[in-house]
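Working through the structure, step by step
Chain by chain, the residues:
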Amino acid sequence: MLKRNIAAIIINSISLSTLSAQQRTTWVGAKKTVNAYHYVQTKSAVYKNGAVSSAHPLASKVGAEIMKHGGNAFDAAIAVQLTLAVVYPGAGNIGGGGFLVGRKKTGELIGIDYRETAPVNAKRDMYLDKDGNAQTSISQNGHLAAGVPGTVAGLFETMKYAKLPFKQLVQPAIDLAEYGFVITEREASNLNVNQDAFIKYNTSTPVFVKVNKWKSGDTLFQKQLAATLRRIRDNGLKGFYEGETARMIVDEMKRGNGIISLADLKNYKAKTRIPVQFNYKDCKIVGFPPPSSGGIILLQVMKMVSKYPMATYGFQKQQSTQLMIEAERRAFADRAEHLGDPDFWKVPLKTLSSDTYIANRMKDYDPNKASKSSNIKAGEIKESEETTHLSICDGEGNMVSVTTTLNGSYGSKTVVAGAGFLLNNEMDDFSIKPGVANMYGAVGGTANAIEPGKRMLSSMCPVVVLKKNKPYIVAGTPGGTTIPTSVFQTLMNLLEFNMSVDDAVNKPKFHHQHLPDEVYVENGFPLDTRKQLELMGYKIVERSSIGRTEVIRINAKGGIEVAADRRGDDSVAGY
Ligand code: DON
């Protein structure tokens, strides 16, 4: 009976929509009870029938409830993303884009590309001033930073694999936006840090601005977002890409000198892509192809290290770490030169993933000293920090891995007035000028130059892994350019170093991306390995946490082991 209202089931089985305004106020006022119930984060668990790992406990819980009430992993992925758009506004979104890699219980592999596109009025040099200098302030903030959002189209593309009606999947998000939810300390702090930006980059004050500062336990209401979600519920794709919501987006653009038009919105299409697939030992890894670089980087680095006895070298020992760094250096050099939207640029995928090419790339690898990025160029081709990830498995054999983003934390910081959602700042993922780094330090050239309608190159790397053709691992993470290297390490931790899912996610991570020629390490990275690497010529730089990885592994008894990253408010749920 409460199927229509999963959020209500979560909240002490009360159907919020049936309460009077007075009762709702009382309910919202009972923050402590609700808070205690909502924010118990479960970091790892083993479930029998279905599991979700995502950036927010409410979103994971919604996903688990959806599966419990007859949905499959695809239904859950839709509901979790919509819920994240409400409860995790820094990255969860309807104003951004993402990639889904999935495996249907029939064995069919699925890739859905809902990456944002450059508006039709975008120009290659739109972020250069009259002297030709790159202006990253406008590619990263405000109206002009936004690409045409893809998420809603992606969700409806995913509906092809779902079992429940969309209106059931969106209702928890509507309720949480309408009746509010209690924010965590981390969310309060993130919102406070961005107060000035929210004021600067908006033409009317969004709900994220609070004069007296946010604190944990406060309730965030998003009535305008609830209304937008209802328009999507009632009108489908047209509820976002046409009609009132589209008009609100375009009006917002006009007020803030943005360029997204009604035609851009109406013409946006999610695309299906054939996933990147490769074998590693007895596993098949399935990742996302361009316009993300994630799958191809993962393929390259895993093939590069596969010739070496990684397990014997050991976890984060000098030999294994150095080899992984050198593989990363080479894959990222290729990324900068060769990767872009395949609908606009001939990506030499076949060569980049061939065994001969990859063996050649490692020919100058010296296990005794650091290579120099200045000597490592992209291979010759003879052929012509805020994102979020969710991993889901159901008991039927469906697996879904989704990474979705606004790009930076709270995207462009611009909220569509009246519609209540944040727009992405994904235009910065294009190479706005050859050699100029984007906000994650990635450089590029013509392959990833701005063109109307083109998708900007991504590093997002959702993966599913099969063993003997059966579901085995679902993984992914946010983190800009550190995404493919974090997924790489997580898979190595599971496939080579025999770790629990919890350790695979939470052990310190490291990262190299060709340029700058530095190795980033997280706090806790082993000191002796660090010293040995420094002696070999590596510049090691400690940095803030890398990624928020969400992992599921099916164990030999069929148990669904699931872990959420301890670096954030992430949480698992299941049944
Ligand atoms: O698509 C990309 O590669 C970036 N827009 C991802 C940004 C990201 O992961 C931010 N998260 N921390």
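Small disclaimer: the values here were computed from a predicted structure and weren't measured. (Residues numbered from 1 in each chain as written. Predicted model: local features only at pLDDT ≥ 70, side-chain atom pairs only at ≥ 80, totals over all residues. Heavy atoms only, no water.)

Re the sheet that holds strand β4 (residues 109-114)
With respect to topology, seven strands assemble into an open sheet ordered β7-β4-β3-β11-β10-β2-β19, the strand pairing being antiparallel. Sheet topology places β7 (271-272) and β19 (571-574) at the edges, where each strand pairs with a single neighbour. Across four bridges, strand β2 (residues 50-54) lies against strand β10 (residues 387-394) in antiparallel orientation. Its bridge partner lying in β10, G50 is registered against D394. Against the sheet, helix α4 (residues 57-68) engages β2, β10 and β19, with an angle of about 160° to β2. (Pairing = 2+ DSSP bridges. Helix = DSSP H or I, 4+ residues; strand = E, 2+ residues; numbered from the N terminus. Contact = heavy atoms within 4.5 Å. Axes fitted to C-alpha atoms, helices over the stretch in contact; angles between N-to-C directions.)

Re the packing of helix α15 (residues 294-305) against helix α17 (residues 318-338)
In the contact formed by α15 and α17, the axes pass within 9 Å of each other and the chain directions differ by 145°. The chirality of how α15 crosses α17 is right-handed. Of α17, the residues touching α15 (which contributes I297, Q300, V301, M304 and V305) are L323, M324, A327, E328, R330, A331, F332, D334 and R335. (Left-handed = near helix turned anticlockwise from the far one by under 90°.)

Overview of the environment of L349
With respect to the element layout, L349 can be found in helix α18 (residues 349-352). Along the sequence, L349 and E244 sit 105 residues apart, while their C-alpha atoms lie 41 Å from each other.

Brief notes about the confidence of the model for the protein
Taken as a whole, the protein shows an average pLDDT of 92; of its residues, 93% reach a score of 70 or greater. Across residues 1-37, confidence stays below pLDDT 50; counting only partners more than four residues off in sequence or on other chains, it has 57 contacts. (pLDDT = per-residue confidence, 0-100.)

Brief notes about helix α13 (residues 243-255)
Between its first and last C-alpha atoms α13 spans 18 Å; for 13 residues at 1.5 Å apiece the expected length is 18 Å, and the two agree. The complete set of buried residues in α13 reads T245, A246, M248, I249, V250, E252 and M253. Buried residues along α13 sit in contact with α11 (223-235), α12 (238-241) and α14 (262-267). (Expected span 1.5 Å × (residues − 1). Buried < 20%, exposed > 50% of the residue type's maximum accessible area, 1.4 Å probe, protein only.)

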